[in-house]
Amino acid sequence: MALSSSSSSSSRTWLYDVFPSFSGEDVRVTFLSHFLKELDRKLIIAFKDSEIQRSQSLDPKLKQAIRDSRIAVVIISKNYASSRWCLNELLEIVKCREECGQMVIPVFYGLGASHVRKQTGEFGQIFEETCQDETEEGIIQWRRALTDVANTLGYHSVNWDNEAKMIEEIVSDVLDKLLLTSSKDSEDFVGIEYHIAKLSVLLQLEDEQVRMVGLWGSSGVGKTTIARVLFQRFSRHFQSSIFIDRAFLSKSMEIYSKANPDDYNMKLHLQGHFLSKILGKGDIKINHLSAIWERLKHHKVLIFIDDLDDQVVLDALVGQPQWFGSGSRIILVTNDKHFLRGHGVDHIYEVCLPSEDLAREMLCRSAFKKTTAPEDFKELVFKVAQLAGRLPLGLSVLGSSLRGRDKEYWMDLLSRLQNGIDEKIEQTLRVSYDELRSEEDKKIFRYIACFFNGAQVTNMKLLLGESDMSVNLGLKNLADRSLIHVREGHVEMHCLLQEMGKKVVRLEKPEKREFLVDSQDTCDVLSEGIGTQNVIGILLDLDEIDELHIHENAFTGMRNLRFLKIYSKLGLYREVKCQLPENFDYFPPKLKLLRWDNYRMRCMPSKFRPENLVKFEMRYSKLEKLWEGVVSLPCLKEMDLRYSYHLIEMPDLSKATNLETLTLKNCYSLVKLPSSIPHPNKLKKLDMICCQNLETIPIGISLKSVEQLFLGGCSRLRTFPQISTNILHLTIDKTSIEELPSNLNLENIYCLSMTKLKSKKLWERVQPLTSIVAMLSPSLESLYLSDISTLVELPSSFQNLYQLQRLKIRNCVNLETLPTGIDLKYLYHLDLSGCSRLKTFPGISTNLTKLCLSETGIEEIPLWIKTFYRLESLEMDGCNNLGYVYLNFCKHEHGLYVNFSHCKALTGVGWSDSPRRDNIYLDFTNCSNLDQEALFQQKTYFQSQLRLSGEEVPSYFTHRTTGTFSLSIPLLPTSLSQPFLRFRVCIVFNDNMSEIDAECRFTGSFWNSSDSYDQAQYFCADTEDYTIFLYKKDSCLFILDCQMSHIPLEMNFDHVDLEIHFNGSSDMEIDIKDSFGSLIDIKEWGIRIIEEDFSAADNRLGNPDILPHVFEANESNMINEVGEGEECAGEDEVTEARSKRMRTS
């Protein structure tokens, strides 16, 4: 988990030094009072909660105090877990550590950390009692927080004879941390506190054993920076410390450069130099190799060794853990994982790439010395960070080169980066490649950089299987050096490493290169027919060229060509990109991969010899047939001819003895399959979706080995194919199949789809699903059915499908009831849309994430929907029996989309105010009887977005504007009683926007202009981003509930200027577009600041969702200070249009 973009803790302004979290009944009058007194004595500012009355939920002031504290000291005592307040406090602290870089110091008072970590013993019993009234999700969060804190280096009171001395030590530690974090040395490395926190857990500094830890990651990812900060933070806790890098070793290595790496004198010299530095003494001379053990066996030392990959040198300096005193730590920083394993290092921390948000902040730090970019640079920052591939080295180098530059320079650099890698970055990354000891490893690196980045490991091994390379060993070596990663069975190489690898290949002339991957060079070679036997692979993206006339002898000289991939990355397939001469008649016989999208010939060349082909892919081709006669295809594993609309017949495949996948999707002209697929065969997947003219599958074709059979859309297919019990996934949607074989056995199937069948004969029986359900395996995961007019109720045998995860039964117009008393606990997607007689809300699973009930006869939403704690989408559009809905959703970390559009009988909506639900999207468009005014008057206790029908902003929104992106709203000239401002927004887009998909946010400039202009008080705040999307042309209103936080309480503001921003932009000169490319064109928008009655009971009880005591000024309460004869704006103030366009920032 990475820190958020606001996590640069060293650059934050902290209100408090320390926030103490504790159970009052255990420690308030004992430990805590002495601890606070000692903090006061050292002038350390601690938050004190004596004025806050504790209850079940956290007071907003307390939450803010936690966020405003640099260090949280968590005093965990026996009764700490008896308080929900304490546990929720701990959740907030853990959240702040992750998001804000807050440091946490646990104090285990009167109990062991293991009891806290595992929630055992008396502490665990008390915790279990507290959990009795908590949700399952809440309990999981509490347990995670307790475990997290228990794994953090802290203090144990049972280890101290004198409590006063322990308090002094804790306060001293707090002071050290405050002094260390005040340094600005590491603040430019965004996210450093996250790495420090993770490494602190791995280092286990409280453990008295000697521990070696590896800091591992690719070049340029920030390992050395992290190591330097870690060394700075922790060195004072050790008797001696040393940071060894290549500069430290250079003198010794120069002296003995011609000696054997295992030279005895060289080792003596290294050890002497090492001891001199770590002990802070002059040039120490030694005469035996046990000197380090003799001098340091009782010393608690901290040793960092950075960027050293010589195992002999490492053995000479830190050969054995027992050489060093108890509690010593040795950290080895490297990009070679094998180097760590070779030295017996088991504890390894991998430094991964930062998140996209952190990467952009890193670039901004380097380019602007700020955490965010100026508005008109934000889009450019996004693009540069993307091209840098989130690599910290790249972000730092590029940011430095861009510092102080104008937008034109940024755009010029972007153009250059798209065509190559920055020289400084390349030089650093090239070292990792050059240090590969094996030429074979270098070759595999180039193969991946040019051809196999993102490929499946199995495919790569398959295509390189008969080469002279050891692929398994090569992948392992490259992964150990962080040059690649293997994730979920795919090879991944960082984009900058990939570009460096391509540059290595480009050192040769185009026709002599191993790989042709640059579009222009590839076109030159193919159009001139000058390729040589050096060429192994060709990769050409058709989207990058205008037109290419391929030479008739283009491939004649490339007799070693093994990989040919001419494709459209974007899938555009524009007409006639590659022109082939009529006499083109040659492909190299060593080809293992042939992919040519939009191939223009009607048949493959007569001299085509595919004996070595492993993968044959001709998508969107003009092929009518492949070849004449029987061709030997012993190596062929995959054949993909999808969207070859003109393909009439398939060849004899009897010699394709290893064929596993045959894809003929959307081959409209294909009438039949060849009857000669070998039997027995290895075919696992047959995809014939939308082969509209296919009438039968020949009896001679054996499907006994087939596991996935896709026949959906084969509308002329009437006979069910002969399949075996091996079938796992079967699709027969939109076919004309009339009956299923009586002996059909689907005991292993996990997915069955039978929707929109052309023939209704299959559903003629009274209980149409009984026999089908009996055939199905209890392990079935997905079942899709539709348009079964005879279905009135689901059979009770559905309860046997206990592994079911996805169930769709659509447009069964006579379905009235579902089974009762069953719980399909794995079911997360249920779709009953179009079952118009179904009136009862389904209760067959409470684990649903998506529930589709559109156009059903359901009359109400039950209160027990709050038990659907995972629900993310509820679709009930067109439910015309709904008169009133009460939304009682439970708290969930994800957003919730609810669609009630076109519910014509719906008159009203209500929702519960507890528990709170964030980010809810409610669609009430085309609900003609809905009382919108009553809806506006309701309180909202979540950040919601409503969509309502309408063409103009209602009068409820007291400040409205047409066509401009800013509004100025007067406020009462009194201090805010809460540090946040809540308001409701309504946006109407112009009719020319039929589709909308955009991010928007609001910024507020708070002013107090009652003093002179120079003395005016000013503060800027903004909201989070809101996603606005609409995929239909109906006119509608977007209603957003927004909040601005951290508004300073001490300032008195008399007005706020609110601006709306789309996709991070605010200026008004260049057009802004959404993700569809549509121009953002606002017709009108309006604001209403939310007013609340603070006498309400829920506000008196410290509800965290209470609304701020901020009122917008109107005619009755606005104090006129602008002079006699001038009037303030009325309640329905409307601002005229200033501009309708914004500039990208």
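Described in the following lines is the structure provided in the data block. All residue numbers refer to position in the chain's written sequence, counted from 1. Note on the predicted model: pLDDT of at least 70 is required for a residue's local features to be given, and 80 or more for side-chain atom pairs to be given and counted; whole-chain, interface and lining totals, by contrast, use all residues. The basis for every side-chain value is the complete set of non-hydrogen atoms in the structure, without hydrogens or water.

### What about the packing of helix 2 (residues 60-67) against helix 3 (residues 84-100)?
A pair of packed helices is captured by two measures, namely the crossing angle of their axes and the spacing between those axes. Here the axes come from fitting lines to C-alpha atoms, over the contacting stretch only for helices, and the angles between their N-to-C directions go from 0 to 180 degrees. A run of H or I in DSSP counts as a helix once it spans at least four residues, and a run of E counts as a strand once it spans at least two, with each numbered from the N terminus. Remark: helix 2 packs on helix 3, axes separated minimally by 9 Å, with the N-to-C direction vectors making an angle of 35°. The crossing of helix 2 and helix 3 is right-handed. Two secondary-structure elements touch here, helix 2 through Leu-62, Lys-63, Ile-66 and Arg-67 and helix 3 through Trp-85, Glu-89, Glu-92, Ile-93, Lys-95, Cys-96, Glu-99 and Cys-100. Residues are sorted three ways: Asp, Glu, Lys and Arg are charged, Ala, Val, Leu, Ile, Met, Phe, Trp, Tyr, Cys and Pro are nonpolar, and all the rest, Gly among them, are polar. Residue composition of the contact of helix 2 with helix 3, by class: 6 nonpolar, no polar and 6 charged. By definition, turning the near helix anticlockwise from the far helix through less than a right angle yields a left-handed crossing, and turning it clockwise yields a right-handed one. Residue contacts are counted whenever heavy atoms from the two residues lie within 4.5 Å of one another.

### Structural notes on the pattern of salt bridges
Side-chain pairing between opposite charges can occur once the charged atoms of the two side chains come close. Put simply, a salt bridge is a Lys or Arg side-chain nitrogen that is within 4 Å of an Asp or Glu carboxyl oxygen. Using the criterion set out here, one finds 39 salt bridges in the structure. Across the salt bridge formed by Asp-245 and Arg-228, the nearest N and O atoms sit 3.1 Å from each other. Placement of Asp-245 in the loop between strand 6 (240-244) and helix 10 (246-255) and of Arg-228 in helix 9 (residues 223-234) is noted, with a sequence separation of 17 residues between them. Classification of residues uses two cut-offs on accessible area relative to the type maximum, computed with a 1.4 Å probe and protein chains only: under 20% is buried, over 50% is exposed, and between them is partly exposed. Look at Asp-245 and you get partly exposed, because its relative accessible area is 21%. Linking Asp-640 and Arg-642 is a salt bridge whose minimum nitrogen-to-oxygen distance equals 3.0 Å. Residue Arg-642 is classed as partly exposed on the basis of its relative accessible area, which comes to 25%.

### Remarks on the packing of helix 15 (residues 356-368) against helix 16 (residues 378-387)
Relative orientation of the contacting elements helix 15 and helix 16 amounts to 110°, with a least axis distance of 9 Å. Relative to helix 16, helix 15 is oriented roughly perpendicular. For the crossing formed where helix 15 meets helix 16, the hand is right-handed. Taken together, the residues of helix 16 that come into contact with helix 15 (itself represented by Arg-360, Leu-363, Cys-364 and Phe-368) are Val-381, Phe-382, Val-384 and Ala-385. Among the residues forming the contact of helix 15 with helix 16, the class breakdown is 7 nonpolar, no polar and 1 charged. Small angles under 35 degrees read as roughly parallel and large ones over 145 as roughly antiparallel, with 65 to 115 read as roughly perpendicular and the rest as oblique.

### Let's talk about a nonpolar patch on the surface
A cluster of nonpolar residues, Leu-863, Tyr-884 and Tyr-886, forms a patch on the protein surface that exposes about 320 Å² of accessible area. By relative accessible area, which is 33% here, Tyr-886 ends up partly exposed. Patches here are clusters of residues that have more than 30% relative accessible area and form no salt bridge, with a 9 Å joining cutoff for like charges and a 5 Å cutoff for nonpolar side chains (Val, Leu, Ile, Met, Phe, Trp, Tyr). For the accessible areas, the method is Shrake-Rupley and the probe is 1.4 Å, while residue cover comes only from the protein chains on display.

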